[in-house]
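Chain by chain, the residues:
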Amino acid sequence: MTELKKRGIFNEDGDIALQKRKIIQGNTTNLNDFNNLKYSWASDWYRQAMNNFWIPEEINLNQDIKDYRNLSPEEKRAYDKILSFLIYLDSIQSAQLPNLQAYVTANEINLCLAIQTYQECIHSQSYSYILDTICSPEERTEILYQWKDDEVLLARNKFIGDQYNDFVHDKKEENLMKTLIANYILEGIYFYSGFMFFYNLGRNGKMPGTMQEIRYINRDENTHCWLFRSIIADLRKERPDLFTKEKEKRYESMIREGAEQEIHWAEYVIGDDIPGLNQKNVEAYIKYLANLRSKGLGLSVLYPGFEEEPSSMAWVSEYSDPNLVKTDFFEGKVTAYTKSSVIEDDL
């Protein structure tokens, strides 16, 4: 396994020519030049991400304060545990992205990763705003640290966290790829699956403020998923040795493992006890997401028969896409919001 070269800060001997720029193992000057980009998609991504700006406290949670106390025991348990999981995912994202940036040697991609880090912090702020509004301080702390006592939740956090830690402790190219795939799983499966529960509450007339916060977070995560898909796609062109058949099977195995863990988690927190959801439909939706993400990287279909969005879960896209204006980067669905126009992904 090849050791990754960490980029410095000031490098007067760095390469200026675009043809010499590389995502990893390059010789960068670290100069941010918005007019000379090798990875042209990064310009559109950056502008889209900047247009996504929003403030969590703009959303009214008055109804959520009342609704939270009236959730059924099953709904409250699922609400608390899924929110706890999402809080932790965003927290480790904001911690690991700068570590990843230290080894990315394409300045335009690092600019995108910097914006993503900022957005993950806003998501953490959003979750804190929700908890501070609807919960007592004691309840808030209990939700934040559920993974300390819930073995199933701890296992969820560890799967992604362990991939990140492997890269922290051993800066090999192979571990970088595991980190990129783990990011893609987190952004493209875990978040989407978690958001589904809150959209279901919303369509049942419950927790409308939480649902709206999730809509804005969902818009950001959509661009994050696109970002990592684009990075991986360009790495495939630059470094085909990182995409041998054997290594592709390893990446497929990671996506499948992530999906299987998500299915197990859904059975644990949702099951058949939440009005509007059942385990069969949720499992079909997660398998669809896994296929979508795997195919997005040029990998195999992981779950034959689940290539299309389940008709029983089509409402998820409707709730995540309120304005019905433009097409989404991946699923051909809409994701535009009043504060931002949506660009087309031409990858």
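Participant: Hey, could you run me through the packing of helix α3 (residues 73–101) against helix α6 (residues 151–169) in this one?
Facilitator: Helices that pack against each other are described as a pair by the angle of their axes relative to one another and the distance between those axes. Where α3 meets α6, the axes come as close as 10 Å, and the angle between the chain directions of the two elements is 5°. By the angle class used here, α3 and α6 are roughly parallel. In this structure, α3 contributes Lys81, Ser84, Phe85, Tyr88, Ile92, Gln93, Gln96, Asn99 and Leu100 to the contact, and α6 contributes Leu153, Arg156, Asn157, Ile160, Tyr164, Phe167 and Val168. Partitioning the contact of α3 with α6 into residue classes produces nine nonpolar, five polar and two charged.

Participant: I tried to follow the environment of Ile231 on my own but got confused; where do I start?
Facilitator: Tracing the backbone through its elements, the reader meets Ile231 in helix α8 (residues 208–238). Sequence spacing of Ile231 and Leu71 is 160 residues, and the spatial spacing of their C-alpha atoms is 41 Å. Contact partners of Ile231, with chain neighbours within four places excluded, come to Ile23, Trp41, Ile109, Leu113 and Leu180.

Participant: Before we go on, may I ask you to explain unusual backbone geometry in this structure?
Facilitator: Notably, Gln25 is not glycine yet its phi reads approximately 65°, a positive angle. If you trace the backbone, Gln25 turns up in the segment before α1 (41–51). Although it is not a glycine, Met207 sits at a positive phi angle of roughly 50°. Within the secondary structure layout, Met207 lies in the loop between α7 (173–203) and α8. Relative accessible area serves as the criterion here: at 1%, Met207 is assigned to the buried category.

Participant: For this particular structure, what's the right way to read the pattern of salt bridges?
Facilitator: Pairs may arise between side chains of opposite charge once their charged atoms sit close together. Applying the stated criterion across every chain yields a total of 20 salt bridges. Here the salt bridges share partners, and the residues they tie into one network are Glu3, Asp170 and Lys172.

Participant: Sorry, what's going on with the side chain of Asn200 here?
Facilitator: With respect to the element layout, Asn200 can be found in helix α7. In contact with Asn200, other than residues within four places in its own chain, are Ile274, Pro275, Gly276, Leu277 and Trp315.

Participant: What is the right way to look at the packing of aromatic side chains in this model?
Facilitator: Ring pairs (aromatic) are described by centroid distance and by the angle formed between their planes. Within this structure, the stated rule accounts for 14 aromatic pairs. Relative to Tyr288, the ring of Tyr285 lies with its centre 6.2 Å away and its plane at 35°, an arrangement referred to as tilted. Taken together, the residues Tyr285 and Tyr288, both in helix α10 (residues 279–296) and three residues apart, mark about one turn of the helix. Its guanidinium or amino end placed over the ring of Tyr190, Arg156 lies 4.3 Å from that ring's centre, counting from NZ or CZ. Here the basic side chain of Arg293 rests over the ring of Tyr192, its NZ or CZ set 4.7 Å away from the ring centre.

About the criteria used
Residues numbered from 1 in each chain as written. Predicted model: local features only at pLDDT ≥ 70, side-chain atom pairs only at ≥ 80, totals over all residues. Heavy atoms only, no water. Axes fitted to C-alpha atoms, helices over the stretch in contact; angles between N-to-C directions. Helix = DSSP H or I, 4+ residues; strand = E, 2+ residues; numbered from the N terminus. Parallel < 35°, antiparallel > 145°, perpendicular 65-115°, else oblique. Contact = heavy atoms within 4.5 Å. Nonpolar A, V, L, I, M, F, W, Y, C, P; charged D, E, K, R; others polar. Buried < 20%, exposed > 50% of the residue type's maximum accessible area, 1.4 Å probe, protein only. Salt bridge = Lys/Arg side-chain N within 4 Å of Asp/Glu carboxyl O. Phe/Tyr/Trp six-rings, centres within 6.5 Å; stacked < 30°, edge-to-face > 60°. Lys NZ or Arg CZ within 6 Å of the ring centre and 35° of its normal.

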